[in-house]
Amino acid sequence: MRLLVKAPAKINLSLDVLHKRPDGYHEVKMVMTTIDLADRVELMDLYSDTIQIISHNRFVPDDERNLAYQAAKLLKEKVGVRRGVAISITKYIPVAAGLAGGSSDAAATLRGLNKLWGLGLSLDELAEIGAEIGSDVPFCVYGGTAIATGRGEKIEHIPAPPPSWVILAKPTIGVSTAEVYRNLQLQSVNHPDVDGMVAAIREKDYEKICALAGNVLESVTLNMYPEVAQIKEQMRRFGADVSLMSGSGPTVFGLVQHDSRLQRVYNGLRGFCEHVYAVRLIGERHEQ
Ligand SMILES: C[C@](O)(CO)[C@H](O)COP(=O)(O)OP(=O)(O)OC[C@H]1O[C@@H](n2ccc(N)nc2=O)[C@H](O)[C@@H]1O
Ligand SMILES: Nc1ncnc2c1ncn2[C@@H]1O[C@H](COP(=O)(O)OP(=O)(O)OP(=O)(O)O)[C@@H](O)[C@H]1O
């Protein structure tokens, strides 16, 4: 049997870091939402009890370092299934970009194998398993729009934001999430108003969402890579209502509501940035 699963990217509309924890992770409070830019994860039954990764992207490992591999392995261990699977990953989400590409592939693998192997696990159970793979994986198991706390694994669902176009621009650098957290100086940051963002989303107040968007990690990555600051500035200059770095970067997203403005921002950025995408906010959760 074969099963095709979509693995959508996320953006962080608001990302605050509260403090560093004794376990080395940071306590976060953030608002995440899924966007219509997705990898394709295809799962195929194998006769032998092995996990195979097929990846055609030279930046994506095709062995046990792949987060989809780790997801399949962990799920097999948890439920005691002795079946093999080939996982073919077609990447559309840029790698090491702050869009949770690898986490979403892992989450799609958990959702897909749950179906393929008829395990009957709930999304909550899959999210709990996902938390062992990475902090962004539980959110990616559910998709939609949510407040994420803890190290990012505690998920509280909220309604989707009002419809909007999302323009993504990624400079040709990859960013290490661990390095960005390591370089964060918490005593000298402006904390975004995460509760205000949640209220704005509940009120479907697009202007307020744009006004309150903020990411505490942004200044860290901007200092390390000035080209990210340039893209952020260009995005606003071409007409985005807001521009913000997603996650630990380096991708910058901009929001616009009107098609005419979308063209201007998209074409403007294409002039000097190779990787530019125009997609919609999804904001709705995956079905079981
Ligand atoms: C930046 C975000 O993408 C925002 O959504 C996430 O906070 C990062 O999530 P992720 O890539 O799934 O992160 P993980 O794979 O769990 O951790 C990678 C590294 O980032 C750092 N890390 C991550 C999450 C967190 N709350 N505090 C941290 O300090 C740790 O050094 C960790 O070793
Ligand atoms: N399925 C996968 N897709 C992409 N990268 C993967 C995958 N599995 C493992 N990796 C490794 O993980 C690293 C980070 O890639 P990823 O695209 O997940 O970053 P990201 O979007 O910045 O993640 P996040 O936003 O969760 O911090 C890559 O450099 C790659 O070596």
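These numbers were taken from a predicted model, which means no experiment stands behind them. (Residues numbered from 1 in each chain as written. Chains lettered and ligands numbered in written order. Predicted model: local features only at pLDDT ≥ 70, side-chain atom pairs only at ≥ 80, totals over all residues. Heavy atoms only, no water.)

As judged from the 16 bridges shared by strand β1 (residues 2-20) and strand β2 (residues 26-46), these two strands associate in the antiparallel manner. Across the sheet, residue S14 finds its bridge partner in β2, namely V31. Between β1 and β2, which pair antiparallel in sequence order, lie five residues; one of them, G24, sits at a positive phi of approximately 95°. One ladder, built from two bridges, connects β1 with strand β8 (residues 214-215); its direction is parallel. Paired with S14 across the two strands is G214, which belongs to β8. (Pairing = 2+ DSSP bridges. Helix = DSSP H or I, 4+ residues; strand = E, 2+ residues; numbered from the N terminus.)

In this section: the environment of W117. Note that W117 resides in the loop between α2 (101-116) and α3 (123-130). Its relative accessible area of 8% is what places W117 among the buried residues. Considered as a pair, W117 and D45 are 72 residues apart in the sequence and their alpha carbons are 9.2 Å apart. (Buried < 20%, exposed > 50% of the residue type's maximum accessible area, 1.4 Å probe, protein only.)

By the element assignment, R21 lies in the loop between β1 and β2. Of note is the side chain of R21, whose polar atom sits 3.1 Å from the side chain of E27. Beyond its immediate chain neighbours, meaning those up to four positions away, R21 contacts H26, E27, G150 and R151. (Polar contact = N/O pair within 3.5 Å; in protein donor to acceptor, adjacent residues only side chain to side chain. Contact = heavy atoms within 4.5 Å.)

Let's shift gears to the packing of helix α1 (residues 67-79) against α2. The interhelical angle for the contact between α1 and α2, taken along N-to-C directions, is 35°, at an axis separation of 7 Å. Remark: the crossing between α1 and α2 carries right-handed chirality. Two secondary-structure elements touch here, α1 through L67, A68, A71, A72 and L75 and α2 through G102, S103, D105, A106, T109, L110, L113 and N114. A per-class count over the contact of α1 with α2 returns eight nonpolar, four polar and one charged. (Axes fitted to C-alpha atoms, helices over the stretch in contact; angles between N-to-C directions. Left-handed = near helix turned anticlockwise from the far one by under 90°. Nonpolar A, V, L, I, M, F, W, Y, C, P; charged D, E, K, R; others polar.)

So, on to the confidence of the model for the protein. When pLDDT is averaged along the protein, the result is 96; 100% of the residues meet or exceed 70. With pTM at 0.97, the complex prediction returns an ipTM value of 0.97. (pLDDT = per-residue confidence, 0-100.)

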